[in-house]
Amino acid sequence: MQPRSYRCGLDAAIDVIGGRWKSLVLWALHEKPLRFGELKRSVRGISEKMLIQSLRELEHDEIVHREAHAEIPPRVEYSLTERGQALNTALLPLGDWGETNMRHIAGRRGVEPAPQH
């Protein structure tokens, strides 16, 4: 079996944000650090298991920073690293494209589009 290799930068980037939830977790953290419960409420529909898994993978890739505060009760906050902030910035045009095309995509896929703001 050959070791895995990336064919291009997009391949590497998609590997980091792949799946349904990671980009939504990144977006939830774009304004400020959040605790686990705040993140879970911000990313509607994500299970606790998937949020834990996504956070661990993003932390492993140095996209998200986990900070445990020595308090009682314990408090853990998640924030974007510098690399994570740069990734979020790179995702902005993709989000804009999605907003522009959401109704069309939703119609083709039989999905309910998000309400317009």
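These lines cover the structure that appears in this document, whether it is placed above or below. Given the structure is predicted, the values throughout are model-derived calculations rather than measurements.

Here we look at the overall build of the protein chain
Each helix and strand in the protein chain was counted, giving 5 helices and 3 strands. Shown N-terminal to C-terminal, the secondary structure of the protein chain runs as helices and strands in the order α-α-β-α-α-β-β-α. For the protein chain, with 117 residues in total, the buried portion stands at 26%. Look at the contacts in the protein chain between residues 6 or more apart in sequence, and 39% of them connect residues 24 or more apart. Summed over its atoms, the accessible surface of the protein chain is roughly 9,000 Å², and 53% of this surface lies on carbon and sulfur atoms.

Describing the sheet that holds strand β2 (residues 64-69)
Judged by pairing direction, the sheet is antiparallel, and its 3 strands sit side by side in the order β1-β3-β2 without closing on themselves. Edge positions in the open sheet fall to β1 (34-35) and β2, since each of these has one partner strand only. The sheet contact formed by β1 and strand β3 (residues 75-80) spans 2 bridges and is antiparallel. Note that in β3 the partner of L34 across the bridge is Y78.

Description of the environment of G84
Within the fold, G84 resides in helix α5 (residues 82-109). Between the C-alpha atoms of G84 and I17, which are 67 residues apart in sequence, the distance is 10 Å. With residues near it in sequence (within four places) discarded, G84 still touches E62 and I63.

Notes on the nonpolar core
Counting 20 residues, the largest nonpolar core has V25, L29, L39 and V64 as its most contacted members. Those elements that place two or more of their residues in this core are α1 (9-17), α2 (22-28), α4 (48-60), β3 and α5. Leave out the neighbours within four places in its chain, and V25 touches L39, V43, I46, L51, S54, L55 and L58.

Details of the pairing of β2
Here β2 runs beside β3; their pairing, made up of 6 bridges, is antiparallel. Its bridge partner being in β3, V64 is matched across the sheet by L80. Hairpin geometry of β2 and β3 is characterised by an intervening segment of 5 residues between the two adjacent antiparallel strands.

Details of α1
Note that an α-helix has 3.6 residues per turn; residues three or four places apart therefore point the same way. When we look at burial in α1, the residues that qualify are D11, V16 and I17. In this structure, the buried side of α1 is in contact with α2, α4 and α5. Downstream of α1 by one or two residues, G19 has phi in the positive range, about 95°.

Some points on the side chain of S79
Mapping S79 onto the fold places it in strand β3. By relative accessible area, which is 18% here, S79 ends up buried. With residues up to four places along the chain from it excluded, the contact list for S79 reads L29, P33, I63, V64 and H65.

Rules of the game
Residues numbered from 1 in each chain as written. Predicted model: local features only at pLDDT ≥ 70, side-chain atom pairs only at ≥ 80, totals over all residues. Heavy atoms only, no water. Helix = DSSP H or I, 4+ residues; strand = E, 2+ residues; numbered from the N terminus. Buried < 20%, exposed > 50% of the residue type's maximum accessible area, 1.4 Å probe, protein only. Contact = heavy atoms within 4.5 Å. Areas by Shrake-Rupley, 256 points an atom, 1.4 Å probe, with all protein chains shown as cover. Pairing = 2+ DSSP bridges. Core = buried A, V, L, I, M, F, W, Y, C linked by side-chain atoms within 4.5 Å.

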